[in-house]
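The chain contents come next:
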Amino acid sequence: MSDSTSKPRREFRNLDLELIAVKYRLPTAGKVSILHRISGAILFLSLPIILIPLFAASVGSPESFAALGSGFGGFLLKLVLLVLLWGFMHHLCAGIRFLTLDLHIGMDKESSSKSAKIVLGASIALTLIFAIKLFGAM
């Protein structure tokens, strides 16, 4: 026997996505997780576009290696390499953090937040060190 007088479904009409995006504060661990995925995607997508052709050009002949080395003087190419370096450094540091979390080390809220902040700081610091070297300040 079916009840034809069932309750009407509730409707939520106050879902303003812009307000939700502004009000919701993602924790540091969540930001590290999202950046880990973004850096992995950057590294994966750069393989066929940037890294493999650069490697092929570098091992082709001594002349192509010298031409490739002289081509790294451009600012735009250095900026692309810096983004790739950040992607690698962040992916490496966050990967180590996630491996320690898989071993059930630092699973509580305070330790997780602290390790996420360490990952952000370490990846930015390593990227800055490579940026100084890449742009010739040292």
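What counts, and where the lines are drawn
- Residues numbered from 1 in each chain as written.
- Predicted model: local features only at pLDDT ≥ 70, side-chain atom pairs only at ≥ 80, totals over all residues.
- Heavy atoms only, no water.
- 1 Å grid on protein atoms, 1.4 Å probe; cavity = no way out; pocket = protein on both sides within 12 Å on 5 of 7 lines; lining within 4 Å.
- Points joined across faces, edges and corners; volume = space filled by probe spheres on them.
- Helix = DSSP H or I, 4+ residues; strand = E, 2+ residues; numbered from the N terminus.
- Nonpolar A, V, L, I, M, F, W, Y, C, P; charged D, E, K, R; others polar.
- Axes fitted to C-alpha atoms, helices over the stretch in contact; angles between N-to-C directions.
- Parallel < 35°, antiparallel > 145°, perpendicular 65-115°, else oblique.
- Left-handed = near helix turned anticlockwise from the far one by under 90°.
- Contact = heavy atoms within 4.5 Å.
- Core = buried A, V, L, I, M, F, W, Y, C linked by side-chain atoms within 4.5 Å.
- Buried < 20%, exposed > 50% of the residue type's maximum accessible area, 1.4 Å probe, protein only.
- Patch = residues over 30% accessible without salt bridge, like charges linked within 9 Å, V, L, I, M, F, W, Y side chains within 5 Å.
- Areas by Shrake-Rupley, 256 points an atom, 1.4 Å probe, with all protein chains shown as cover.
- Salt bridge = Lys/Arg side-chain N within 4 Å of Asp/Glu carboxyl O.
- UniProt positions renumbered as here; feature names shortened; annotations may be inferred.
- Phe/Tyr/Trp six-rings, centres within 6.5 Å; stacked < 30°, edge-to-face > 60°.
- Expected span 1.5 Å × (residues − 1).
- Bend = angle between axes of the 7 residues up to and from the residue.

## Here we look at the layout of surface pockets
Logical step 1: Counted as a void, the largest pocket has a volume near 160 Å³.
Logical step 2: Lining the largest pocket we find 10 residues, and of these L51, L54, L81, L84 and L85 sit closest to its centre.
Logical step 3: When contributions to the lining of the largest pocket are tallied by element, the ones reaching two or more residues are α2 (28-60) and α4 (75-102).
Logical step 4: Each residue belonging to the lining of the largest pocket can be placed in one class, and the counts come to 10 nonpolar, no polar and no charged.

## Topic: the packing of α4 against helix α5 (residues 109-134)
Logical step 1: Taken N-terminus to C-terminus, the directions of α4 and α5 make an angle of 150 degrees; their axes are 9 Å apart at the nearest point. Taken together, the axis directions place α4 and α5 in an arrangement best described as roughly antiparallel. Seen along the crossing, α4 lies across α5 with a hand that is right-handed. Contacts between α4 and α5 involve K78, L81, L82, L85, W86, M89, H90, C93, A94 and R97 from the former and S112, S115, A116, V119, L120, A122, S123, L126, T127, F130, A131 and L134 from the latter.
Logical step 2: Of the residues assigned to the contact of α4 with α5, the class counts are 15 nonpolar, five polar and two charged.

## What to know about the nonpolar core
Logical step 1: Listed in full, the five residues of the largest apolar core are V32, C93, A94, A116 and V119.
Logical step 2: When residues of this core are traced back to their parent elements, those giving at least two are α4 and α5.
Logical step 3: When sequence neighbours within four positions are dropped, the list of residues in contact with C93 reads V119, A122, S123 and L126.

## Section: a nonpolar patch on the surface
Logical step 1: A cluster of nonpolar side chains, namely F75, L76, L77, L79, V80 and F135, defines an oily patch on the protein surface of about 530 Å² accessible area.
Logical step 2: In this fold, V80 is placed in helix α4.
Logical step 3: Under the relative-accessibility criterion, V80 is labelled partly exposed at 32%.

## Observations regarding the UniProt feature "transmembrane region" (unreviewed entry) in the protein
Logical step 1: As annotated by UniProt and renumbered to match this structure, "transmembrane region" (unreviewed entry) occupies residues 34-55, 75-98 and 118-136.
Logical step 2: For residues 34-55, helix accounts for 100% and strand for 0%, while the C-alpha atoms at its two ends are 29 Å apart.
Logical step 3: Within the segment residues 118-136, helix and strand shares are 89% and 0% respectively, and the terminal C-alpha atoms sit 27 Å apart.

## Thoughts on the packing of aromatic side chains
Logical step 1: By the definition in use, this model includes one aromatic pair.
Logical step 2: Geometrically, the ring pair formed by F75 and F135 is tilted, given 5.8 Å between the ring centres and 45 degrees between the ring planes. Placement of the pair is F75 in helix α4 and F135 in the segment after α5, with a sequence separation of 60 residues.
Logical step 3: On the accessibility criterion, F135 (33% relative accessible area) is partly exposed.

## Focus on α2
Logical step 1: Between its first and last C-alpha, α2 extends 44 Å over 33 residues, near the 48 Å set by a 1.5 Å rise per residue.
Logical step 2: The sharpest bend along α2 comes to roughly 65 degrees, located at L47, with the proline P48 sitting one to four residues further on.
Logical step 3: Here α2 has its buried residues at G30, V32, H36, S39, G40, S46 and S58.

## Description of the environment of P27
Logical step 1: Inspection of the secondary structure puts P27 in the loop between α1 (17-23) and α2.
Logical step 2: In this structure P27 comes out as partly exposed when scored by relative accessible area, which is 47%.

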